[in-house]
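So you can see what is in the structure, the chains are spelled out below.
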Amino acid sequence: DQQVKQNSPSLSVQEGRISILNCDYTNSMFDYFLWYKKYPAEGPTFLISISSIKDKNEDGRFTVFLNKSAKHLSLHIVPSQPGDSAVYFCAASVKAAGNKLTFGGGTRVLVKP
Amino acid sequence: DVKVTQSSRYLVKRTGEKVFLECVQDMDHENMFWYRQDPGLGLRLIYFSYDVKMKEKGDIPEGYSVSREKKERFSLILESASTNQTSMYLCASALTGVYTGTEAFFGQGTRLTVV
């Protein structure tokens, strides 16, 4: 039973436009959420995170929104660039459980020039 | 910069072989993790360790064991490799962030093929 789900396996967007990636979770104990980016044949790299006490966190072109009541988070990338083409993973953890991350299935993003 | 290094990028092993995947981190992190990545399934946790000689099972520990004799090193062992263990294996490390939450840092991955 997947506790973290990314229902869109892929997303295609034009360069300069907004990319919106979505993630849903079922475990109400999760209190820390992260997004990772992964290129082929490389390990995931951390992008941005948000604590459950917040509903928005912004870092440059990346913004993460958290809706606790809906158990939903999203990642906005504005503007999208060709170098953003990668697989994006949503992850969640319970802080008191040693930062053991539970990942979604990933969304492959293709940014077209 | 945090560095997590996995000993091999690519490995090909035969069914039934005992396989060792090694991981070293240089940031004095307490927590270390082994995940496997399969298409559509994301990253699934195999084992994790929150201290030397301590280990806990993740979501898919069957067929695997781990060893953590030193803080910086965490090894994943496939006792008898099988074809369904063909996958990308990812090691990660993280600080213990009980009150703040912290990100995990990943190695470059080991693509293991069992034939």
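Residues numbered from 1 in each chain as written. Chains lettered and ligands numbered in written order. Predicted model: local features only at pLDDT ≥ 70, side-chain atom pairs only at ≥ 80, totals over all residues. Heavy atoms only, no water.

**Q** Would you mind going over the overall build of chain B in detail, with residue names and values included?
**A** A count of helices and strands for chain B gives 0 helices and 11 strands. Reading the helices (α) and strands (β) of chain B from amino to carboxyl end gives β-β-β-β-β-β-β-β-β-β-β. Relative to the 2.2 N^0.38 estimate, which gives 13 Å for 115 residues, the radius of gyration of chain B is 13 Å and therefore close to what a compact globule would have. Along the three orthogonal principal directions, the C-alpha set of chain B runs to about 45 × 30 × 25 Å. Of all 115 residues assigned to chain B, the portion counted as buried reaches 49%. Across chain B, the fraction of contacts at a sequence separation of at least 24, relative to all contacts at a separation of at least 6, is 55%. Computed over 15 positive and 15 negative side-chain charges, the inter-centroid distance for chain B is 7 Å. (Helix = DSSP H or I, 4+ residues; strand = E, 2+ residues; numbered from the N terminus. Rg over C-alpha atoms; globule rule 2.2 N^0.38 Å. Buried < 20%, exposed > 50% of the residue type's maximum accessible area, 1.4 Å probe, protein only. Contact = heavy atoms within 4.5 Å. Lys, Arg positive; Asp, Glu negative; His and termini not counted. Charge placed at Lys NZ, Arg CZ, Asp CG, Glu CD.)

**Q** Please give an account of the nonpolar core that cites residues and values.
**A** Of all hydrophobic cores here, the largest spans 24 residues; its most connected members are F33(A), W35(A), L73(A), L75(A) and Y88(A). Every element with two or more residues in this core is listed here: β3 (19–25), β4 (32–38), β5 (45–51), β7 (62–67), β8 (72–77), β9 (86–93) and β11 (107–112) of chain A. It is β9(A) that provides the largest number of residues to this core, a total of 4 residues. Residues in contact with F33(A), not counting those within four places in the same chain, are Y25(A), I48(A), S49(A), I50(A), S52(A), L66(A), L73(A), A91(A) and A92(A). Grouped together as the second largest cluster of nonpolar side chains are 20 residues, V4(B), L11(B), M32(B) and F74(B) included. (Core = buried A, V, L, I, M, F, W, Y, C linked by side-chain atoms within 4.5 Å.)

**Q** Please give an account of the sheet that holds strand β1 (residues 4–5) of chain A that cites residues and values.
**A** Strand pairing in a sheet is mediated by backbone hydrogen bonds. Such pairs are either parallel or antiparallel. Residue and element names in this part refer to chain A. Reading across from one edge, β1-β3-β8-β7-β6 is the order of the 5 strands in this open sheet, with antiparallel pairing throughout. Of all strands in the sheet, those with a lone pairing partner are β1 and β6 (56–59), marking the two edges. Here 6 bridges tie β7 to β8, and the two strands are oriented antiparallel to one another. Residue V64 lies in a different strand from β8, and its bridge partner there is L75. (Pairing = 2+ DSSP bridges.)

**Q** Before we move on, could you go through the interface of chain B and chain A and cite the residues and values that matter?
**A** Reports often express the size of an interface as the amount of accessible area lost when the parts come together. Residue-level contacts link 28 residues of chain B with 20 residues of chain A. For the pairing of chain B and chain A, the buried interface totals around 1,800 Å² over both sides, and the portion due to carbon and sulfur atoms is 56%. At the junction of chain B with chain A, the criterion picks out 0 salt bridges. Here chain B and chain A share 5 residue pairs in polar contact (both at pLDDT 80 or more) between them. (Buried area = accessible area lost by both parts, 1.4 Å probe. Salt bridge = Lys/Arg side-chain N within 4 Å of Asp/Glu carboxyl O. Polar contact = N/O pair within 3.5 Å; in protein donor to acceptor, adjacent residues only side chain to side chain.)

**Q** Give a detailed account of the sheet that holds strand β7 (residues 64–70) of chain B, specifying residues and quantitative values.
**A** Residues and elements named next belong to chain B. Within the open sheet, the 4 strands sit side by side as β1-β3-β8-β7. Their pairing is antiparallel. Strands at the two margins of the open sheet, each flanked by one partner only, are β1 (4–6) and β7. Taking the axes of each pair of neighbouring strands and ignoring which way they run, one obtains an average angle of 20° across the sheet. Looking at chain direction, β7 and strand β8 (residues 73–78) are connected through 5 bridges and run antiparallel. For V66, the partnering residue across the bridge sits in β8 and is L76. (Axes fitted to C-alpha atoms, helices over the stretch in contact; angles between N-to-C directions.)

**Q** Any details on the side chain of R36(B)? Residues and values, ideally.
**A** All names here are of chain B. With respect to the secondary-structure elements, R36 resides in strand β4 (residues 31–38). Engagement of the side chain of R36 in a polar contact is seen with the side chain of Y64, the distance being 2.9 Å. Within the local environment of R36, its side chain forms a polar contact with the backbone oxygen of N84, the two atoms lying 3.1 Å apart. With near-sequence residues (within four places) excluded, R36 lies in contact with G42, L43, R44, I46, I60, Y64, N84, Q85, T86, S87, M88 and Y89.

**Q** Lay out the state of the cysteines with the relevant residues and their values.
**A** For the structure shown, the criterion picks out 2 disulfides over all chains. Here C23(A) engages in a disulfide with C90(A); their sulfurs sit 2.0 Å apart. Every disulfide takes its handedness from the sign of the S-S torsion; for C23(A) and C90(A) that torsion is -70°, giving left-handed. Taken together, the residues C23(A) in strand β3 and C90(A) in strand β9 connect sequence positions 67 residues apart. The same class applies to C23(A) as to C90(A), namely buried. Disulfide pairing is shown between C23(B) and C91(B); the S-S distance is 1.9 Å. A torsion of -80° about the S-S bond marks the disulfide between C23(B) and C91(B) as left-handed. Taken together, the positions of C23(B) in strand β3 (residues 19–25) and C91(B) in strand β9 (residues 87–94) put the pair 68 residues apart, joining distant regions of the chain. You can call C91(B) buried: its relative accessible area is 0%. (Disulfide = S-S within 2.5 Å.)

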